[in-house]
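If you want the building blocks of each chain, they are given just below.
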Amino acid sequence: MNIDDFWTVIETARTDAASASGDPGQAFASALVERLAATSKQTILEYQQRFDQLHGAIYRWDMWAAGYLIGGGCSDDAFMDFRAGLIAQGRQWYERAATAPDVLAQHPDVIAAAAEGSDEALFNETVNYAASYAYERIHGDEDDCTFYDDYDQFCGPRTDQAPADMGESFDFDDASEMQSRFPGLARLFLEHSEA
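Here goes a summary of the coordinates provided. Model, not experiment: these values are computed from the prediction. In every chain, residue numbers begin from 1 and rise along the written sequence. Side-chain atom pairs in this predicted model are given and counted only at pLDDT of 80 or more, local residue features only at pLDDT of at least 70, and totals for whole chains, interfaces and linings cover all residues. Neither water nor hydrogens contribute to the side-chain values; these are computed over all heavy atoms in the structure.

### A short note on the environment of Ala130
Consideration 1: By the secondary structure assignment, Ala130 is in helix α8 (residues 130-139).
Consideration 2: By definition, residues are in contact when any of their heavy atoms lie within 4.5 Å. Contact partners of Ala130, with chain neighbours within four places excluded, come to Leu32, Val33 and Leu36. Put simply, DSSP marks the helices as runs of H or I at least four residues long and the strands as runs of E at least two long, and each gets a number from the N terminus on.

Written as structure tokens, this is what we have:
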């Protein structure tokens, strides 16, 4: 699956989810599973391979810091969900944020979350597992290890280990450092929490 095909899957699921009621993040994840389940096992494996590449490409300290500000903290697991949620926002937001994470201060969901005092904007755990859920539907097996076994054979074992170079490390709890690096997000989340 090339990069354009990957983003077409994401954008189509976003369109499908736009008319659904309930939680928008869950609606997107459900639409994504439906889209993938309507394809083939091979396509799902290719989708997961591309997802893992994009997910890993933003495994960086600056991106983690953005998630930390938006989420009021960000554990290892939450950072996984944040990166998946960013992919779920589509190509334009992903590429903009990958270049300059502070641009997320302009995202409507982030702005709304800051105004509401919410710490859930952009975090979407289910998106991490959409391919395995879709694969399970095609395979008819409730044990998702079939997906992971097949994926390991397809392109090698999955890993969410930190890359060797995550960029410059810095203290996420240093307010002045965060304000310097992320003026937009700090304005939304740090100043709001200090008020």
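### Here's the deal with helix α6 (residues 91-99)
Consideration 1: Of the residues making up α6, those classed as buried are Trp93, Tyr94 and Ala97. Buried residues of α6, viewed axially, fall in a sector of 100°; they line one side. Seen from the buried face of α6, the exposed residues on the opposite side, beyond 90 degrees, are Gln92 and Thr99. Only protein chains enter the accessibility calculation, which uses a 1.4 Å probe. A residue is then buried if its area is under 20% of the maximum for its type, exposed if over 50%, and partly exposed in between. The arc in question is traced by the directions running from the helix axis to the C-beta atoms.

### Focus: the side chain of Gln89
Consideration 1: When you line up the elements, Gln89 lands in the loop between α5 (76-88) and α6.
Consideration 2: Using a relative accessible area of 12% as the deciding quantity, one classes Gln89 as buried.
Consideration 3: Discounting residues that sit within four places of it in the chain, Gln89 has contacts with Arg14, His107, Asp109 and Leu122.

### Focus on unusual backbone geometry
Consideration 1: The backbone phi angle of Leu122 is positive, close to 75°, even though this residue is not glycine.
Consideration 2: As for its placement among the helices and strands, Leu122 is situated in the loop between α7 (108-116) and α8.

### Points about the pattern of salt bridges
Consideration 1: By convention in these notes, a salt bridge is any Lys or Arg side-chain nitrogen within 4 Å of a carboxyl oxygen on Asp or Glu. Summed over the entire model, instances satisfying the criterion amount to eight salt bridges.
Consideration 2: Notably, a salt bridge pairs Glu95 with Arg91, separated by 3.0 Å at the nearest N-O pair. Residue Glu95 and its partner Arg91 are located together in helix α6, separated by four residues, close to a single helical turn.
Consideration 3: Given a relative accessible area of 39%, Glu95 falls into the partly exposed group.
Consideration 4: For Arg91, a relative accessible area of 27% puts it in the partly exposed group.

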